[in-house]
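Chain residues, written in single-letter form:
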Amino acid sequence: MSLRLDTQYADQFVSAGSLEKLRPAAEAAFKKVRDPAERSAQPIGWLTLPEDYDREEFSRIKVCAERIKKMCDVFVVIGIGGSYLGARAAIEFVKGANYNALNKNGPAVYFSGNSIDPDALSELLEICADKDVCVNVISKSGTTTEPAIAFRVFRELLEKKYGAEGAVKRIFVTTDKTPKPGTLKEFADAVGYETFVVPSNIGGRFSVLSAVGLLPIAVAGCDIDAMMAGANDAMKDFADYDFTKNTAVRYAVYRNCLHSEGKAVEFYCSYTPALQYTGEWLKQLYGESEGKDHKGIFPASAVYSTDLHSLGQYVQDGERILFETVLIPDEPRYKLDIPKAALDTDGIGYIAGKSLHYVNSKAFLGTVLAHVKGGVPNLVVSYEKADEKNFGYLVYFFELACAISGYILGVCPFNQPGVEAYKKNMFILLGKPGYEGQTI
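To start, this report covers the structure provided alongside it. Note that this is a predicted model, so its numbers are computed, not measured.

### Remarks on the sheet that holds strand β4 (residues 133-138)
Link 1 in the chain: Read from one edge to the other, the open sheet built from 5 strands follows the order β3-β2-β4-β5-β6, with strand pairing classed as parallel. The sheet is open, and its two borders are formed by β3 (108-112) and β6 (194-197), each paired with just one other strand. Across this sheet, the average inter-strand angle for adjacent strands is 20°, counted without regard to direction.
Link 2 in the chain: With 4 bridges connecting them, strand β5 (residues 171-175) and β6 associate as parallel partners. The residue of β6 that forms the bridge with T174 is F196.
Link 3 in the chain: Sitting on the sheet, helix α7 (residues 118-128) is in contact with β2 (74-78), β3 and β4, with an inclination near 155° to β3.

The following block contains the structure:
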């Protein structure tokens with residue numbers, strides 16, 4: 001694959017000494033991720049997933065996706081965090097940000113259960129009112145508040161539309177299948193919903209290439225075989241520790257070197273709106289993996305050149321706490337030239353006839369050079385094009401780099417103890433049974 005990590009725009013901010021200092025920690029982290037003892041203790045199943053995934057379930061996902069395409073106009077994916085961000089990132093990466101408006105060969109794919117906002121849920125219900133609908137609810141336990149609310153609402157909608165028996169054929173559940181499954185698995189089996197597995201050895205933010213992400217991705221018409229093949233290529237390419245060749249290791253080391261130089265915020269940047277949710281997925285992947293024990297690099301994201309007209313001033317001249325990781329394709333999904341005009345009233349005659357991709361690439365280069373001059377290091381991750389194979393490769397690259405980076409920082413990258421604090425307070429305020437007498 002053609003993924004490349006360009007560090008030339010960060011090298012001046014990183015001393016050779018700091019790189020050398022971190023390399024032993026990086027090698028130890030790399031070995032720890034692959035240590036059988038660590039893999040049995042932590043949910044690191046994603047490491048070998050591109051090779052040892054469940055072929056039977058994978059085939060069933062593809063068959064089910066084709067059935068769903070024929071059954072509905074709207075496919076509602078209910079989940080929060082890792083249960084939706086990876087799938088939405090994949091669909092928009094491959095199909096574009098306007099997928100739902102452009103798609104003519106399958107259902108529109110909408111995501112719900114990722115907030116408690118009544119307006120967002122009501123608007124989606126309105127969209128579904130006169131459409132045929134199928135639902136995929138994704139939750140290990142089935143009791144996470146946001147998706148549980150959405151599932152109850154959409155289950156009622158489907159049962160009113162199609163009757164109880166008809167609704168069963170339109171609801172698909174991706175959930176836990178451990179010896180002691182959550183309530184959602186028990187409920188799904190009792191009612192008769194078709195179920196898929198949330199792997200117990202893969203954390204939510206690492207789960208996009210499991211059934212968690214693959215069913216919605218397949219329903220959207222993406223080639224999940226190619227996606228897994230891309231991840232498999234990455235798994236092979238990054239199998240050995242070699243600082244000069246293993247770009248996942250190098251990325252982990254460089255971002256930690258920049259952090260040690262006072263760069264506490266990482267901006268994930270792209271130059272196409274279709275990568276907005278790739279940025280959102282990266283924010284969860286790195287924020288939830290590294291942000292603990294009062295450590296970690298704060299993840300943020302932006303889409304340029306759009307956000308250069310809002311955040312650009314701060315990036316250029318604000319507090320020097322930032323570095324940027326830029327995702328950039330070698331070629332766009334579409335080719336479009338700027339029209340020539342008899343009158344140059346808009347002042348862009350000097351670029352008439354040039355491709356928009358050419359102009360965008362110069363915006364990227366001009367921005368990188370300006371930001372570096374202003375004291376903002378840039379790491380550039382480039383890939384061939386926005387297709388399924390490249391997405392799978394990128395996912396594995398960032399997941400492995402994240403695990404290595406977390407261990408370099410001295411935290412466990414696979415837990416998230418801090419996410420329960422807000423839930424406890426919310427349950428106390430709502431009067432949830434079992435929380436009586438507890439204080440905020």
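Now that the structure has been shown, the text picks up again.
### Some details on the sheet that holds strand β10 (residues 378-383)
Link 1 in the chain: Strands sit in the order β1-β10-β9-β7-β8 across an open sheet of 5 strands; the sheet is mixed. Of all strands in the sheet, those bounded by a partner on one side alone are β1 (4-6) and β8 (298-303). Neighbour to neighbour, the strand axes of the sheet diverge by 20° on average, direction disregarded.
Link 2 in the chain: Note: strand β7 (residues 265-270) against strand β9 (residues 322-329), 6 bridges, orientation parallel. Bridge assignment links E266 to a residue of β9, and that residue is F323.

### Side note on the environment of G163
Link 1 in the chain: With respect to the element layout, G163 can be found in helix α8 (residues 145-168).
Link 2 in the chain: Given a relative accessible area of 26%, G163 falls into the partly exposed group.
Link 3 in the chain: Residues G163 and F75, 88 residues apart in the sequence, show an inter-C-alpha distance of 18 Å.

### As for empty space enclosed by the protein
Link 1 in the chain: In the structure shown here, the tally under the stated rule is 1 cavity of 30 Å³ or more.
Link 2 in the chain: Around the largest cavity, the lining residues are T278, W281, L327, F391, L394, V395 and F398.
Link 3 in the chain: It is helix α16 (residues 388-409) that provides the largest number of residues to the lining of the largest cavity, a total of 4 residues.
Link 4 in the chain: Here the residues of the lining of the largest cavity are counted per class, giving 6 nonpolar, 1 polar and no charged.

### Observations regarding the packing of helix α1 (residues 16-34) against α16
Link 1 in the chain: Two elements in contact, α1 and α16, have axes whose closest approach is 8 Å; the angle formed by their N-to-C orientations is 115°. Considering how the two elements wind past one another, α1 and α16 form a crossing that is right-handed. When α1 is examined against α16, the residues L22, A25, A26, A29, F30, K32, V33 and R34 are found in contact with a partner set consisting of Y396, L400, A403, I404, Y407 and I408.
Link 2 in the chain: Classifying every residue of the contact of α1 with α16 gives 12 nonpolar, no polar and 2 charged.

### Considering unusual backbone geometry
Link 1 in the chain: A cis amide bond links Y304 with the next residue in sequence, S305, at an omega value of 5°.
Link 2 in the chain: Positive phi is not limited to glycine here, since D293 has a value of about 55°.
Link 3 in the chain: Positive phi, normally seen in glycine, also occurs at H294, with a value near 60°.
Link 4 in the chain: Within the secondary structure, H294 sits in the loop between α13 (276-290) and β8.
Link 5 in the chain: Its relative accessible area of 87% is what places H294 among the exposed residues.

### Topic: the nonpolar core
Link 1 in the chain: Residues W46, L215 and F398 are the most contacted members of the largest nonpolar core, which totals 117 residues.
Link 2 in the chain: At 14 residues, α16 tops the list of elements feeding residues into this core.
Link 3 in the chain: Apart from the residues lying within four places of it in its own chain, the contact partners of W46 are V33, N201, I202, F206, Y396, E399, L400, A403 and F414.
Link 4 in the chain: Residues V133, A150, F151 and V173 belong to the second largest nonpolar core, which totals 21 residues.

### Some remarks on the packing of helix α4 (residues 55-71) against helix α10 (residues 211-219)
Geometry of a packed helix pair, given as the angle between the helix axes and the separation of the axes.
Link 1 in the chain: The contact between α4 and α10 brings their axes to 8 Å, and the two run at 35°. The two elements α4 and α10 cross, and the hand of that crossing is right-handed. Side by side, α4 and α10 meet where E57, F58, I61, C64, A65, I68 and K69 of the first sit next to A211, L214, L215, A218 and V219 of the second.
Link 2 in the chain: Here the residues of the contact of α4 with α10 sort into 10 nonpolar, no polar and 2 charged.

### Structural notes on the pairing of β8
Link 1 in the chain: Bridge count for β7 against β8 is 6 bridges, and the pairing is parallel. By the bridge assignment for β8, E266 is matched with P299.
Link 2 in the chain: In this fold, the crossover linking β7 to β8 by way of α13 has right-handed handedness.

### Re helix α17 (residues 420-430)
Link 1 in the chain: Turning to α17, its buried residues are K423, M426, F427 and I428.
Link 2 in the chain: Count one or two residues on from α17 and you reach G431, which has phi positive near 75°.

Calculation rules
Residues numbered from 1 in each chain as written. Predicted model: local features only at pLDDT ≥ 70, side-chain atom pairs only at ≥ 80, totals over all residues. Heavy atoms only, no water. Pairing = 2+ DSSP bridges. Helix = DSSP H or I, 4+ residues; strand = E, 2+ residues; numbered from the N terminus. Axes fitted to C-alpha atoms, helices over the stretch in contact; angles between N-to-C directions. Contact = heavy atoms within 4.5 Å. Buried < 20%, exposed > 50% of the residue type's maximum accessible area, 1.4 Å probe, protein only. 1 Å grid on protein atoms, 1.4 Å probe; cavity = no way out; pocket = protein on both sides within 12 Å on 5 of 7 lines; lining within 4 Å. Points joined across faces, edges and corners; volume = space filled by probe spheres on them. Nonpolar A, V, L, I, M, F, W, Y, C, P; charged D, E, K, R; others polar. Left-handed = near helix turned anticlockwise from the far one by under 90°. Core = buried A, V, L, I, M, F, W, Y, C linked by side-chain atoms within 4.5 Å. Right-handed = clockwise from strand over helix to strand, strands pointing away.

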